[in-house]
Amino acid sequence: MRYLDRPANPYVERETAGLPPGTALDAGCGAGAEAALLASLGWTVTGVDISPEAIVAAQRASSAVEWIEADLTTWHPARQFDLVTTHYAHASIPHLDLYDRLAGWVAPGGSLLIVGHADDGHHEASVRLDDVVARLAGWRIDTAIETVRGSLYDVVVRASKVEP
Ligand SMILES: C[S@@+](CC[C@H](N)C(=O)[O-])C[C@H]1O[C@@H](n2cnc3c(N)ncnc32)[C@H](O)[C@@H]1O
């Protein structure tokens, strides 16, 4: 996979606009555009990716982010985050299982922002919106949409971890 310098996808700014900046994790950050944008918006950001090439590209994108080369299926963060986000990450485990792990890393009152490929019958790494929302039982669902962005057909889910 080549890691290209490109702008962050528009969901990051749109979906975090109403959130107070705090700590954030971008899981499967690739070349780091989304994590770098969050840092520029005042978040204290950690970006994790399994690929050393991705981490090298991400380090070029921003020096304001803590970049970690790690496997999200086994890695455990030392703390929870106010925002955990992931954009088109497809690990070796099923998407919904990965999202379960990410959900566990959200601090009480924090947010989870998932962007994935919608199930159009063609994309092998797709997710169904209903399945993602169903997996977040007990969360407040703030955004749950399927949307077209150029040639992409996306699922965008933002949910808040309700404080006990
Ligand atoms: C399609 S790319 C998306 C990258 C970036 N989020 C973006 O939107 O451009 C998927 C990313 O997930 C990373 N990835 C896949 N499996 C992973 C794992 N087990 N742990 C961490 N990162 C993983 C890949 O290395 C790759 O950078």
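Since the structure is predicted, the reported quantities are computational estimates derived from the model, not experimental observations. Position numbers for residues start from 1 in each chain and track the written sequence from start to end. With pLDDT at 70 or above as the cut-off, local features in this predicted model cover only qualifying residues; side-chain atom pairs require 80 or more to be listed or tallied, and sums for whole chains, interfaces and linings still use all residues. Note that the side-chain values use all heavy atoms of the structure and ignore hydrogens as well as water.

Centre distance within 6.5 Å is the pairing criterion for rings of Phe, Tyr and Trp, where only the six-membered ring of Trp is used; planes under 30 degrees apart are then read as stacked, over 60 as edge-to-face, and the remainder as tilted. Enumeration according to the criterion identifies 1 aromatic pair in this entry. The interplanar angle of 90° and the centroid separation of 5.3 Å between the aromatic rings of Trp-75 and Trp-105 together place this pair among those described as edge-to-face. One end of the pair, Trp-75, is in the loop between β3 (66–69) and β4 (81–87); the other, Trp-105, is in the loop between α4 (95–104) and β5 (106–118), and 30 residues separate them in sequence. Trp-105 matches Trp-75 in its accessibility class, with the two residues each being buried. Secondary structure elements are defined from DSSP: runs of H or I of at least 4 residues count as helices, runs of E of at least 2 residues count as strands, and each element is numbered from the N terminus. Only protein chains enter the area calculation, which uses a 1.4 Å probe; residues under 20% of their type maximum are buried, those over 50% are exposed, and those in between are partly exposed.

Attention now goes to the site of the ligand. Neighbouring residues of the ligand: 19 residues in total, closest Arg-6, Gly-28, Asp-49, Asp-71 and His-87. Here a polar contact means two N or O atoms within 3.5 Å. Within protein one must be a hydrogen donor candidate and the other an acceptor candidate, and residues neighboring in sequence count only if both atoms are side-chain atoms. One nitrogen or oxygen atom from the main chain of Leu-72 is found 2.9 Å from a nitrogen atom belonging to the ligand. In the environment of the ligand, a nitrogen atom lies 2.8 Å from a nitrogen or oxygen atom belonging to the backbone of His-87. Surface accessibility in these figures is a Shrake-Rupley result with a 1.4 Å probe; residues are shielded only by whichever protein chains are displayed. Here the ligand has 590 Å² of accessible area as a free molecule, and 87% of this is covered by the chains. Each residue receives one of three labels: charged for Asp, Glu, Lys and Arg, nonpolar for Ala, Val, Leu, Ile, Met, Phe, Trp, Tyr, Cys and Pro, and polar for the others, Gly being one of them. A breakdown of the residues in the shell around the ligand according to their chemical character gives 9 nonpolar, 6 polar and 4 charged. Any residue with at least one heavy atom within 4 Å of a molecule or strand is counted as near it.

Right, let's talk about the pattern of salt bridges for a bit. A pair can form between side chains of opposite charge whenever their charged atoms are brought close. Definition used for salt bridges: Asp or Glu carboxyl oxygen within 4 Å of a side-chain nitrogen of Lys or Arg. Per the counting criterion, the structure on display carries 9 salt bridges. The partner of Glu-15 in a salt bridge is Arg-158, with the nearest N and O atoms 2.7 Å apart. Of this pair, Glu-15 sits in helix α1 (residues 10–16) while Arg-158 is found in strand β8 (residues 152–160), placing the two residues 143 residues apart along the sequence. Of the residues examined, Arg-158 reaches a relative accessible area of 16% and is grouped as buried. For Arg-128, the salt bridge identified is with Asp-130, shortest N-O distance 3.8 Å. Arg-128 sits in the partly exposed class, given a relative accessible area of 39%. Ionic contacts of the salt-bridge type, sharing partners, join the residues Glu-15, Arg-140, Asp-142 and Arg-158 into one network.

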